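Chain by chain, the residues:
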Amino acid sequence: MYTSTEIAERIKSTAKAKNIAIKDMLISCNLNKNALFTMASGGSMPKADNLAKIADYLEVSVDYLLGRTETPENDPANKLQAEFFKIFQKLPFEEQVNLMNIAIQKAG
C-alpha cells in the first residue's frame, strides 16, 4: 500500500540527490507550495497527473516514486511494454487470443 508520507519522502530524497530545489520543482509543475508538506504530514495522496508531473520533472518513473521499484530511471523497455499493452487492449478479443498463442509457441 502506498502512503503519502512515503511518496513525499521519496520525492524529497530524489530531488536532494539531483540538487533540485523543491520550491522550483513545485512551481515548474504548477503545484501548490504546500503540496509536498501536505503529503509528508500524512495528508492527501497526490493526484495521478501531479505525480506524473513530478516524476517527469525529476526524470524518474511514477513507479519509483510510489516505491514499486528501486530503479529510479525511466526504463525504455517499460515504455515500450506499456505502449504494446495499450495497442493490444484495443484489438478484438480473437486477435488478442491469436497473439497470445503465437507468443506461447515462440516461448516454448
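The notes below deal with the structure included here. Each chain carries its own residue numbering, running from 1 in the written order of its sequence. Local features are withheld for residues below a pLDDT of 70 in this predicted model, meaning they are given only at 70 or higher, and side-chain atom pairs are given and counted only at 80 or more; totals for whole chains, interfaces and linings count all residues. Think of the side-chain values as coming from all heavy atoms in the structure, minus any hydrogens and water.

1. Overview of the pattern of salt bridges
Here a salt bridge means any side-chain nitrogen of Lys or Arg lying within 4 Å of a carboxyl oxygen belonging to Asp or Glu. Summed over all chains, the structure comprises 2 salt bridges. Here Glu 9 ties to Lys 12 by a salt bridge, and the two come within 3.1 Å at their closest N and O atoms. Of the two residues, Glu 9 and Lys 12 are both situated in helix α1 (residues 4–17); the distance of 3 residues between them amounts to about one turn of the helix. Think of it in three bands: with a 1.4 Å probe and only protein chains considered, a residue is buried below 20% of the maximum accessible area for its type, exposed above 50%, and partly exposed in between. Relative accessible area serves as the criterion here: at 33%, Lys 12 is assigned to the partly exposed category. Ionic pairing is found between Arg 68 and Asp 63, a salt bridge with its closest N-O pair at 2.9 Å. Put simply, DSSP marks the helices as runs of H or I at least four residues long and the strands as runs of E at least two long, and each gets a number from the N terminus on.

2. Section: the environment of Met 39
In this fold, Met 39 is placed in helix α3 (residues 35–40). Looking at Met 39, the relative accessible area reads 4%, which means it is buried. Separated by 33 residues in the primary sequence, Met 39 and Glu 6 place their C-alpha atoms 8.6 Å from one another. Beyond its immediate stretch of four places on either side in the chain, Met 39 contacts Ser 4, Thr 5, Ile 7, Ala 8, Ile 11, Ser 44, Pro 46 and Ile 54. Only heavy atoms enter the contact rule, under which two residues are in contact if any of them lie within 4.5 Å.

3. A word on unusual backbone geometry
Positioned with a positive phi, Asn 19 is a non-glycine residue whose angle comes to about 55°. With respect to the helices, strands and loops of the structure, Asn 19 is situated in the loop between α1 and α2 (22–28). Residue Asn 19 is classed as exposed on the basis of its relative accessible area of 74%. The phi dihedral of Glu 59 falls on the positive side, at around 60°, and the residue is not glycine.

4. Describing the side chain of Arg 10
Tracing the chain through its elements places Arg 10 in helix α1. Taking the relative accessible area as the measure of exposure, Arg 10 reaches 16% and is therefore buried. The contact partners of Arg 10, leaving out residues within four places of it in the chain, are Tyr 64, Leu 65, Gly 67, Thr 69 and Glu 70.

5. Looking at the nonpolar core
We define a nonpolar core as any set of buried Ala, Val, Leu, Ile, Met, Phe, Trp, Tyr and Cys residues linked to one another through side-chain atoms lying within 4.5 Å. Counting 18 residues, the largest nonpolar core has Ile 11, Met 25, Met 39, Ile 54, Leu 58 and Leu 65 as its most contacted members. Contributing elements (two or more residues each) for this core: α1, α2, α3, α4 (48–58) and α5 (62–66). Not counting residues within four places of it along the chain, the set of residues in contact with Leu 65 comprises Ile 7, Arg 10, Ile 11, Leu 51, Ile 54, Ala 55, Leu 58 and Val 60.

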